[in-house]
Amino acid sequence: MSFSHFIRRAINGSTSRIALSARSTSSSIFASRSFCSEKKNSNASSTKTAASDASYYHLNDGPSHMRAAVFWEPGKPLTFEDFHMPRPKANEILLKTKACGVCHSDLHVIKGELPFASPCVVGHEITGEVIEHGQLSDSKITERFPVGSQVVGAFIMPCGSCSFCSKGQDDLCEDFFAYNRAKGTLYDGETRLFLRNSGKPVYMYSMGGLAEYCVVPAHALAVLPKSLPYTESAILGCAVFTAYGAMAHAAQVRPGDAIAVIGIGGVGSSCLQIARAFGASEIIAVDVQDEKLQKAKFLGATHCVNASKEDAAKTIKEITGGLGVDVAVEALGKPQTFLQCVQSVRDGGKAVMIGLAQSGAKGEVDINHLVRRQVCAFVCRRSFIAPFSVLICRKTKLHSMKYANTSEADDAYSNKHPVTFFLANLCSLLSTSYTNKNRS
């Protein structure tokens, strides 16, 4: 069954909806956040206690430690380190990580383009097996995610109880940004990762998925049907549902709409497929790599535009009879593509921005054009309310490639591999020693 078919079937048959979330971040938020708490003494005491607790924790009939890939600082290679086994707390779940994707936002952190607490473990596109529930977890959580079930995680890990979560805007979860993005911790202000040799804390970018085990708040998980493979499914909670949220909620794509997708990477390629599933009549793929554009045709594009060889906005207008598209989606996060997105939309149309940019990047727009021509501009990261469990109930066609270093993933995002998702099989990867001097 094609990806478009399973999306269409899932949407038509959806009776329940589970909140998904956005990887929405702003440079001003990152700039204003301090890695160290002002209450250093109390935090130091708390960290010492947590580290001590972790040193005595081990799984029932299982290991007491694990390995993970640690990011120390920009320009330095990630290293594999031994950790105490992470311990889940109430309404959290310990997973044995089966696969973890390398998202472009991970690379932004590794390259120093998005400030974040360090040392840390990155990785947020995960699938895994439920190993243990935190003590005092809600019975509904333990019933829904029994030990041994396979699950997929979402990039933003909603707390489920803040004002935004209660309104269905999990992508704006207060606790996620106040704790995880500001401090690299979970929602009690503590990380779950401690080095085995020293007991020192290591921080978590989302759940810190580039590890053999990880702790995830239960609200960020959905059951993965056994018919779906772990590796190819890892991107479902990030690239696929970012696209779904953009197309279903921000763009509200309708049958017959003309759509342009600018940037055909993991998110952009998913946008193409979902646009086709929603019945868009013209689907225009825009990129600077001919290989990606060729693959875009297979994924649903009716027209392709190479922005390095022609004026993208002008060509889109020509394809649509001089009008522009009903919806343009920017899925790359660059100032020039931001502008192309707005310029490609018809009067009264929608420009949807979902590309995560380098910290401090600014996009310019003609204000009078937006106001006079009634162009609606949306900044959207992640799906707001998506039928998560229902949507993944059918087999998807996903392209995947195993990788052994982040520089390969960086090259792929830049220009080498069209519509390719880089995935790490953690079970084999972390048990194998290797060095890579070129890893950024």
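A quick note: this is a predicted structure, and the numbers were derived from the prediction, not measured.

Peer 1: Mind showing me how you'd approach the overall build of the protein here?
Peer 2: If you tally the helices and strands in the protein, you get 17 helices and 20 strands. Here the contacts in the protein between residues at least 6 apart in sequence split such that 73% fall between residues at least 24 apart. Total accessible area on the protein is roughly 18300 Å²; 49% of this is exposed by carbon and sulfur atoms.

Peer 1: Looking at this structure, I do not really get the state of the cysteines. What am I missing?
Peer 2: Covalently bonding the sulfur atom of one cysteine to the sulfur atom of another cysteine gives a disulfide. Summed over all chains, the structure comprises zero disulfides. The thiol of C103 is not disulfide-bonded; the next cysteine sulfur, from C238, is found 3.9 Å away. A relative accessible area of 2% means that C103 is categorised as buried.

Peer 1: Explanation requested: the pattern of salt bridges in the structure shown.
Peer 2: Should their charged atoms come close, side chains of opposite charge can pair. As enumerated under the stated definition, the model contains nine salt bridges in all. As a salt-bridge pair, E113 and K111 come within 3.9 Å of each other at their nearest N and O atoms. Within this structure, K89, E92, D188, E190 and R192 form a network of salt bridges that share partners.

Peer 1: How do you make sense of the nonpolar core when you look at a structure like this?
Peer 2: Burial of nonpolar side chains together is a common tendency in soluble globular proteins. If you look at the biggest cluster of nonpolar residues, it comprises 56 residues, and the most contacted ones within it are F83, L95 and V216. Those residues in contact with L95, other than ones at most four positions away along the chain, are I126, E129, V130, I131, V151, E212, Y213, C214, V216 and L221. By size, the runner-up hydrophobic cluster in this structure holds 37 residues, among which are A222, Y244, C271 and A285.

Peer 1: I would appreciate a short explanation of the pairing of strand 4 (residues 92-101) in the present structure.
Peer 2: Along any regular strand, the residues point their side chains to alternate faces of the sheet. Taken across its 10 residues, strand 4 has nine buried, putting it largely inside the fold. By the bridge criterion, five bridges tie strand 4 to strand 10 (residues 213-217) in an arrangement that is antiparallel. Looking across to strand 10, one finds that L94 is bridged to V215. In terms of strand pairing, strand 4 meets strand 6 (residues 125-133) through eight bridges, oriented antiparallel. Within strand 6, the residue paired with K96 across the bridge is E129.

Peer 1: How do you make sense of helix 9 (residues 239-250) when you look at a structure like this?
Peer 2: Helical geometry: 3.6 residues make up each α-helical turn, so side chains three or four residues apart lie on a common side. The end-to-end C-alpha distance of helix 9 is 16 Å, a good match for the 16 Å that 12 residues give at a rise of 1.5 Å each. Counting buried residues in helix 9 gives 10 out of 12 residues, a clear majority hidden from the surface. For helix 9, the set of buried residues is A239, V240, F241, T242, A243, Y244, G245, A246, M247 and A250. A positive backbone phi angle near 50° is found at Q252, which sits one or two residues after helix 9.

Peer 1: Quick question: what am I supposed to make of the sheet that holds strand 9 (residues 201-204) here?
Peer 2: By way of backbone hydrogen bonds, the strands of a sheet pair with one another, either parallel or antiparallel. If you walk across this open sheet you meet the three strands as 5-9-8, and the pairing is mixed. The open sheet has two edge strands with one neighbour each: strand 5 (120-121) and strand 8 (193-194). Sheet topology note: the strand 8/strand 9 ladder contains two bridges and is antiparallel. Looking at the pairing, F194 lines up with P201 of strand 9.

Peer 1: Is there a simple way to think about unusual backbone geometry in this case?
Peer 2: Both trends apply: most residues other than glycine have a negative phi, and most peptide bonds are in trans. Between S118 and P119 the backbone carries a cis peptide bond, its omega angle lying at 0°. A positive phi angle, near 65°, is found at N91, a position not held by glycine. Checked against the element boundaries, N91 lands in the loop between strand 3 (79-84) and strand 4. Classification of N91 as partly exposed rests on a relative accessible area of 31%. Even without being glycine, L136 reaches a positive phi, approximately 65°. Of note, L136 is situated in the loop between strand 6 and helix 5 (139-144). The class for L136 is exposed, based on a relative accessible area of 80%.

Peer 1: How should I be thinking about the confidence of the model for the protein in this particular structure?
Peer 2: Per-residue confidence for the protein gives a mean pLDDT of 76, with 69% of residues at or over 70. Mean pLDDT per element in the protein: strand 1 (residues 18-19) is the minimum at 28, and strand 9 is the maximum at 97. Every residue in residues 381-404 scores below 50 in pLDDT, and together they form 120 contacts with partners more than four places removed in sequence or on other chains.

Peer 1: Would you mind going over the pairing of strand 15 (residues 325-330) with me for this structure?
Peer 2: In terms of residue burial, strand 15 counts as a mostly covered element, since six of its six residues are buried. Relative to strand 15, strand 12 (residues 258-262) is paired through four bridges, and the arrangement is parallel. Directly across from V261, in strand 15, lies its bridge partner V329. Two strands pair when backbone bridges link them, and strand 15 and strand 16 (residues 345-353) are joined in this way by five bridges, in the parallel orientation.

Peer 1: Even after reading the chapter, I still don't get the packing of aromatic side chains, so can you show me in this structure?
Peer 2: Working definition: an aromatic ring pair is given by the centre-to-centre distance plus the angle between the planes. All told, the structure shown has six aromatic pairs when counted by the stated rule. Centroid distance F116 to Y205: 5.0 Å. Interplanar angle 85°. Geometry classified as edge-to-face. Within this pair, whereas F116 is found in the loop between helix 4 (104-110) and strand 5, its partner Y205 is found in the loop between strand 9 and strand 10, the two being separated by 89 residues in sequence. Look at F176 and F177: their rings are 5.2 Å apart centre to centre, the planes differ by 90°, and that puts the pair in the edge-to-face class. The burial state of F176 is the same as that of F177; both residues are buried. Across from the ring centre of Y205, 3.9 Å away, lies the NZ or CZ of R181, which sits over that ring. Against the face of F298 rests K295, its NZ or CZ located 5.8 Å from the ring centre.

Basis of the calculations
- Residues numbered from 1 in each chain as written.
- Predicted model: local features only at pLDDT ≥ 70, side-chain atom pairs only at ≥ 80, totals over all residues.
- Heavy atoms only, no water.
- Helix = DSSP H or I, 4+ residues; strand = E, 2+ residues; numbered from the N terminus.
- Contact = heavy atoms within 4.5 Å.
- Areas by Shrake-Rupley, 256 points an atom, 1.4 Å probe, with all protein chains shown as cover.
- Disulfide = S-S within 2.5 Å.
- Buried < 20%, exposed > 50% of the residue type's maximum accessible area, 1.4 Å probe, protein only.
- Salt bridge = Lys/Arg side-chain N within 4 Å of Asp/Glu carboxyl O.
- Core = buried A, V, L, I, M, F, W, Y, C linked by side-chain atoms within 4.5 Å.
- Pairing = 2+ DSSP bridges.
- Expected span 1.5 Å × (residues − 1).
- pLDDT = per-residue confidence, 0-100.
- Phe/Tyr/Trp six-rings, centres within 6.5 Å; stacked < 30°, edge-to-face > 60°.
- Lys NZ or Arg CZ within 6 Å of the ring centre and 35° of its normal.

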